[in-house]
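# Structural overview
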Amino acid sequence: MTSQLTATVPNPVLRVPTASPAAAAAYFGALLAFHADISDVAAALAADGDPGFVLLDSRSTESWDQGHVPGAVHLPTALIPQQARNLLDPAVPVVTYCWGPGCNGGTRAALALAELGYQVKEMLGGFEYWVREGFEFETWEGRERRDADPLTAPVDPDDCGC
């Protein structure tokens, strides 16, 4: 009896069936249109020339002073409606970030910018994962870099395999 019951009830992963390949392609393609990976942002910023976007830190001044991505523009989310037009060119895409995956401040900043007509993506992982992946950051005291966390950064920094 137990084996019959087990055979008819799918495991928790497949309890809800997978989407069709076409629906999955549309969904995952949309995710990539809305999100940017930290390694991709770092590579674009490190390349010679204009990366084609502005990186925007949407945290408070105190948080910015604790550390931020070099070259980022600082504009707290609450100030976006009043100050975005003075700091950002509407023709240039913006990539937002906040603290990390437990914070939706980058999402709120992206929404505020989109509502103003900006093209926008959010950097997945935020400042937390920027630091955890071993990229250089700035504080009010100067530039710093920490060792990459082996649980979040690839062993081969030139190719994560994804």
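Let me sum up the structure you'll find in this document. Keep in mind the model is a prediction, meaning the values are calculated, not measured.

### Description of the pairing of strand S5 (residues 120-123)
Consecutive side chains of a regular strand alternate in pointing toward one face of the sheet and then the other. Where strand S1 (residues 35-36) meets S5, 2 bridges bridge the pair, whose relative direction is parallel. Counterpart to Ala36 in the pairing with S5 is Met123. Bridge count for strand S4 (residues 94-97) against S5 is 3 bridges, and the pairing is parallel. Note that in S5 the partner of Thr96 across the bridge is Glu122.

### Quick look at the packing of aromatic side chains
Scanning the model with the defined rule gives 4 aromatic pairs in all. A ring pair is formed by Tyr27 and Phe28, whose centres lie 5.0 Å apart and whose planes are at 75°; its orientation type is edge-to-face. With a centroid separation of 6.0 Å and 70° between ring planes, the pair formed by Trp99 and Phe127 is classed as edge-to-face. Here Trp99, found in the loop between S4 and helix H6 (105-115), pairs with Phe127, found in helix H7 (residues 126-132); they are 28 residues apart in sequence, far enough to count as distant. Residue classification places Trp99 among the partly exposed positions, given a relative accessible area of 32%.

### Quick notes on the side chain of Glu133
As for its placement among the helices and strands, Glu133 is situated in the loop between H7 and strand S6 (137-139). The buried charged residue Glu133 lacks any salt bridge partner; its closest oppositely charged side chain belongs to Arg132, at an N-O distance of 8.3 Å. Of note is the side chain of Glu133, whose polar atom sits 3.0 Å from the side chain of Ser39. Excluding anything up to four places from it in sequence, Glu133 contacts Ile38, Ser39, Ala148, Thr152 and Ala153.

### Details of the sheet that holds S1
Read from one edge of the open sheet, 5 strands run S1-S5-S4-S2-S3, paired in parallel fashion. Strands with a single pairing partner mark the edges of an open sheet, and in this sheet they are S1 and strand S3 (73-74). Pairing of strand S2 (residues 54-57) with S4 involves 4 bridges; the strand directions are parallel. Following the sheet pairing, Asp57 is matched in S4 by Tyr97. Relative to the sheet, H6 contacts S4 and S5, its axis offset from that of S4 by approximately 150°.

So, how was this worked out
Residues numbered from 1 in each chain as written. Predicted model: local features only at pLDDT ≥ 70, side-chain atom pairs only at ≥ 80, totals over all residues. Heavy atoms only, no water. Pairing = 2+ DSSP bridges. Helix = DSSP H or I, 4+ residues; strand = E, 2+ residues; numbered from the N terminus. Phe/Tyr/Trp six-rings, centres within 6.5 Å; stacked < 30°, edge-to-face > 60°. Buried < 20%, exposed > 50% of the residue type's maximum accessible area, 1.4 Å probe, protein only. Lys, Arg positive; Asp, Glu negative; His and termini not counted. Salt bridge = Lys/Arg side-chain N within 4 Å of Asp/Glu carboxyl O. Polar contact = N/O pair within 3.5 Å; in protein donor to acceptor, adjacent residues only side chain to side chain. Contact = heavy atoms within 4.5 Å. Axes fitted to C-alpha atoms, helices over the stretch in contact; angles between N-to-C directions.

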